Amino acid sequence: MEKAFTSFISTCLLLYYVMASSAMTHTNITTDQLALLSLKSQIISDPFHFFDENWFSTTSVCHWVGVTCGSRHERVKSLNISNMALTGKIPPDFGNLTFLVFLDFRSNNFYGNLPQEMARLRRLKLLNLSFNNFSGEVPAWFGFLHRLQVLNLRNNSLTGSIPSSFSNISKLEAWNLDFNFLDGHIPKEIGNLENLRYLNLFGNKLTGSIPVSLSNASMLETLKLSQNFLQGNIPDRIGNLYNLNGLSIEDNQLTGSIPFSVFNISKLEVIAFTNNSLSGNLPNGLCNGLPLLKELHLSLNKLRGHLPTSLSNCSELQILSLSYNEFDGPIHSEIGRLSNLQTLYLSKNYFSGINNLNGSLSQEIGNLTKMQFLYLSHNMFTGEIPNEISNLVDLELFDIAFNSFSGSLAMEIFNISGMRTVSLSANNLSGTLPSNIGSILPNIESLYLNGLTNFVGTIPHSISNCSKLTILGLASNKLSGLIPSSLGYLTHLQKLNLAGNNLKSDSSLSFLTSLTNCRDLTHLYLISNPLNGMLPLSIGNLSTSLTRVFANDCKIKGQIPNEIGNLTALLDINFSGNNLVGSIPASIGNLRNLQGLLLSNNKLARIIEDYLCKLQHLDAIYLGQNQLSGSLPNCLGNVTSLREIHLGYNRFSSNIPTSLGNLK
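Residues numbered from 1 in each chain as written. Predicted model: local features only at pLDDT ≥ 70, side-chain atom pairs only at ≥ 80, totals over all residues. Heavy atoms only, no water.

(A) Representation of the pattern of salt bridges. Taken as a whole and judged by the stated rule, the model has seven salt bridges. Residue Arg106 pairs with Asp104 through a salt bridge whose shortest N-O separation is 1.9 Å. Here the salt bridges do not stand alone but share partners, grouping Glu396, Arg420 and Glu445 into one network. (Salt bridge = Lys/Arg side-chain N within 4 Å of Asp/Glu carboxyl O.)

Okay, structure coming up:
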């Protein structure tokens, strides 16, 4: 407190000196010209040559790019040099531009401290220094810019606490300090800013509680305090801010229940309290006083209980986000009245159905015809997927994974032209992939059908018509037949998971050759399928982005091709539990990013060469239950990242190198 007071007094004395000196000095347009030329001299990078080709002492300053002069005093009134990619500092002389009303430096690369001489700019109404690299503490002298209405300092590197002197800017309407490195408490004096309409302190390191005095800023329309370290309860008196239309306090450490008064601010359009530790039930009167509410974000808290039936009174609601809480019970059928709803996040709760119809997802969901994103995963839904899903013609994402839905899956209900993601994994569904899946889901990008109870049949060749597919998950089902080479037509494919089925291939594993067309492939999972073939030489032509190949327990035989060393992005290889023979290829040493090498339970022979010692990121090596002979390389103990090594049941002829004792 004493330090802050001393700083304030020092600033006052400086301001007195600056004002007194200014009063004794005759100023005119030449003063402005010299101030701007001083600024130009501090610009070390002007890639578009705005200044080099324009700001000359031989021309009137009023004609310089970005400069506007007032007609009354013929002094520089406005300076707008935004979005010019300039790099430099603001010089002390800049404070001589005492007739400036509008100053816009946004989206450049200015750096350093803001000079205290800027306190002379007492006519300023708008100051925008956002998206630069200004550093140092937020100056207390801002409090002397009494005419300031808009102050934007977002996306800089400012540090320290927010000076209480800001409360002296009585005309301030918009104040933006988001994405800096501010710490300390939010000063209670902020409540004195009776004209403040917009306050954004998002993305700093602020601590303490939300000051109750904020409720005195009666004109406040938007309040953003997200991504700080604020604690304590949300003040009940915040409900006195009747003009609020946006309230965002996400990603803090707030506790307690949500004050009922918040739900009586009739002008609120956005409420965002995501990722705190708020607890308790939602009030029964939720939405009774929120006729304009469009977004309600309450995910990642500890809220519990049933959803109030009054939710249907938020008739303008477009986004409802309640994921990662402890809500339970049914979702009342009144949700079908939210005709404007576009996004519904209810994942990771204990919801048991809609209208408690045996825990089912009732046909009421089909009334939400504007729905685009529907997240219902990780709940306790049962029953069948209602055919009314097909009414949601704008639906792009449908996620009901990890529930207990049952019945026969008719993929035709997803015959929605804009559908991009379907996630049905871990349910009690039965059915097959339809032969015309390419025409049913022409725009699908992510298809998750892992772990369905009785999903059978083959992978149809028409899957190749899903040309936008990036993720295909068919693991842990009862699929059979050949893996079609037509998968190679999915040129945007990034992740392919076919593990845990009864899929086969020809003796040359030709589907692997076809996958060389998938240049974005990063993950390939073939675990526990009876492939019964040999790894083709073309495996080295798979995507250079490939990071994980899991083909353990697949009855693969023959040798590991030397070409596997071409896959230099690989992090994990698992070929355990196969019938591989021969030696581990020396090209493995090219895989410098490799972390896991799992080749246990094969018939690999010959010595382990020193090339394994090149794998300096190796974390785990499993080579047990093979026929390896010879000596272990002594340098293996120098692979400092190695944590697990399994070599048992081989034919090594010498003692374990003492260097392996270095492994932790």
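(B) How the structure looks around the state of the cysteines. Counted by the stated rule, this structure contains two disulfides. Between the sulfur atoms of Cys62 and its disulfide mate Cys69 the distance is 2.1 Å. Between Cys62 and Cys69, the disulfide has an S-S torsion of -95° and is therefore left-handed. Classification of Cys62 by relative accessible area gives partly exposed; the value is 25%. Note that Cys287 is cross-linked by a disulfide to Cys314, the S-S spacing being 1.6 Å. (Disulfide = S-S within 2.5 Å. Buried < 20%, exposed > 50% of the residue type's maximum accessible area, 1.4 Å probe, protein only.)

(C) Broad picture of the pairing of strand E6 (residues 109–112). Only one face of E6 is buried: it carries Phe110 and Gly112, and the other face, with Asn109 and Tyr111, is open. One ladder, built from two bridges, connects strand E4 (residues 87–88) with E6; its direction is parallel. Bridge pairing in E6 places Gly88 opposite Phe110. Bridge analysis of E6 against strand E8 (residues 133–137) gives two bridges, and the strand direction is parallel. Across the sheet, Gly112 pairs through a bridge with Phe134, a residue of E8. (Helix = DSSP H or I, 4+ residues; strand = E, 2+ residues; numbered from the N terminus. Pairing = 2+ DSSP bridges.)

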